[in-house]
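Chain by chain, the residues run as shown.
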Amino acid sequence: MNRKAYAKINLALDITGIQENGYHTVDMIMQTINLHDDLEISLNDTGRINLAVTCDEAVRGELTEQGTDRDNLAYRAATAFFKELENKKDGSRFVGTGAGAAGVGIAGAGADIKLHKRIPSGAGLGGGSSDAAEVLKGLNELTGSLLTEEELKDIAAKLGSDVPFFISGGTARCTGTGTDIEKLRPIGDMFYVVIAKPFTGNPTPLIYREYDNAAAGSKAKDFERPDIDALSSAVNGISSNKTDRTAYKTPAFAGAGSSETSVLTEILLQNNINVLEKADERINYSITKEIKTELLKLGAITSCMSGSGSAVYGLFTDREKMEAAARALRESDLKDRLKAVIETATC
């Protein structure tokens, strides 16, 4: 079975509090994009999970930074999946088309997973989380869909706060620690996207710790924060016609170089805010601001850091402008500080 594990960007991200256990609560809108890792998943009768990982040049060197196979979220997802099946005490059969699956009881099942990485790590694009979600969904399909989507999301939540989102993907509002998912009307392929990934990566725990330091005392009230309610309402009010970009446009707002910018785009321009950029500034100094400035200069209608960073994206409504911007960014004064410039789109 071949599956694509799509990356995500955060259209808006706010921190709403911190729990006694130290985990932060968030309110954010996440959106899948066409950038993806590739997975090949099959079943075996050895009872072992075998993971082989390769990568594109853009992420080369990151594999050794991720530790052993057992540390990889894809491996952990497979382990958690089979454990959940054992807990359901339904080991009598295997229904599926995976290699080696025929006649093998669930109790003796294993998986062979080939993962090809295209999504940079330490970028805030959710690559590892998406890999984990696709392993869960793929194994579930290969074993006869014994688990419901909600059961898969319960497993996903134990693996990481972003993993449940990728069970359904698309456009969603994520609250709590990120594991409470409210599906929004999908925006589909409305925006083209340029992603700039610096050589530096942002470890998520460090970013949240630096956010706490930046927000200490009365400083938090001075942070610019997104209006997630307004943005969610705008997303749910757009046309459901995925392929017709003209359906999104009204003459209600003149901005971003266009006389006909959608109502959604107007509200997105006001609320495309990630409060974790305050933490990123304490670690990476000016690089995020410089990338955002350059993307806007090159025609992006808005630009923002994704998740905990360090990747920064710019949104475009015109493919040719997006492609030209990506070419220009690769030749800009920032080129020696960027590991990758990626062209993609929302999906």
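This structure is a prediction, so every number in the text was calculated from the model and none was measured. (Residues numbered from 1 in each chain as written. Predicted model: local features only at pLDDT ≥ 70, side-chain atom pairs only at ≥ 80, totals over all residues. Heavy atoms only, no water.)

Backbone hydrogen bonds are what pair the strands of a sheet, in a parallel or an antiparallel way. Ordered in space as 10-11-7-12, the 4 strands form an open sheet in which the pairing is antiparallel. For this open sheet the edge positions go to strand 10 (302–305) and strand 12 (338–345), each flanked by a neighbour on one side alone. Averaged over all pairs of adjacent strands, the angle between their axes in this sheet comes to 20°, without regard to strand direction. Where strand 10 lies against strand 11 (residues 312–316), 4 bridges are found, and the strand directions are antiparallel. Note that in strand 11 the partner of M305 across the bridge is V312. (Pairing = 2+ DSSP bridges. Helix = DSSP H or I, 4+ residues; strand = E, 2+ residues; numbered from the N terminus. Axes fitted to C-alpha atoms, helices over the stretch in contact; angles between N-to-C directions.)

The subject of this paragraph is the nonpolar core. Most often, soluble globular proteins have nonpolar side chains that are buried together. With 51 residues, the main nonpolar core has I113, V135, L136 and L139 as its most contacted residues. The biggest single contributor to this core is helix 1 (residues 73–87), with 8 residues. Listed in part, the 30 residues of the second largest apolar core include A123, L184, V235 and I342. (Core = buried A, V, L, I, M, F, W, Y, C linked by side-chain atoms within 4.5 Å. Buried < 20%, exposed > 50% of the residue type's maximum accessible area, 1.4 Å probe, protein only.)

This part is about the environment of C55. Looking at the secondary structure, you find C55 in strand 3 (residues 49–55). The class for C55 is buried, based on a relative accessible area of 10%. For the pair formed by C55 and I119, sequence separation is 64 residues and the distance between their alpha carbons is 8.9 Å.

Once the charged atoms of two side chains with opposite charge are near each other, the side chains can pair. Counted by the stated rule, this structure contains 19 salt bridges. Close ionic contact of E134 with R3 constitutes a salt bridge, the shortest N to O distance being 2.7 Å. Taken together, the positions of E134 in helix 2 (residues 127–142) and R3 in strand 1 (residues 2–18) put the pair 131 residues apart, joining distant regions of the chain. The class for E134 is buried, based on a relative accessible area of 7%. Put simply, R337 and E290 hold a salt bridge, and the shortest N to O gap is 2.9 Å. In this pair, R337 is assigned in the loop between helix 10 (319–330) and strand 12 and E290 in helix 9 (residues 287–297), connecting sequence segments 47 residues apart. A single salt-bridge network, built from bridges that share partners, covers R3, E134, K137 and E141. (Salt bridge = Lys/Arg side-chain N within 4 Å of Asp/Glu carboxyl O.)

Below, the discussion takes up helix 3 (residues 149–159). Buried residues of helix 3: L152, K153, I155, A156 and L159, and no others. Around the axis of helix 3, the buried residues are gathered within 160° of arc, so they sit on the same side. Contacts from the buried residues of helix 3 go to helix 1, helix 2, helix 4 (163–168) and strand 6 (180–183). (Arc of directions from axis to C-beta. Contact = heavy atoms within 4.5 Å.)

It is worth spelling out the packing of aromatic side chains at this point. If you walk through the whole model with that rule in mind, you get 3 aromatic pairs. Pairing F81 with F82 gives two aromatic rings, centres 5.6 Å apart and planes at 75°, and the pair type is edge-to-face. Here F81 falls in the buried class, since its relative accessible area comes to 0%. Given the relative accessible area of 6%, F82 is considered buried. On the numbers, 5.0 Å between centres and 70° between planes, the contact of F165 with F166 is edge-to-face. The residues F165 and F166 share a single accessibility class, namely buried. (Phe/Tyr/Trp six-rings, centres within 6.5 Å; stacked < 30°, edge-to-face > 60°.)

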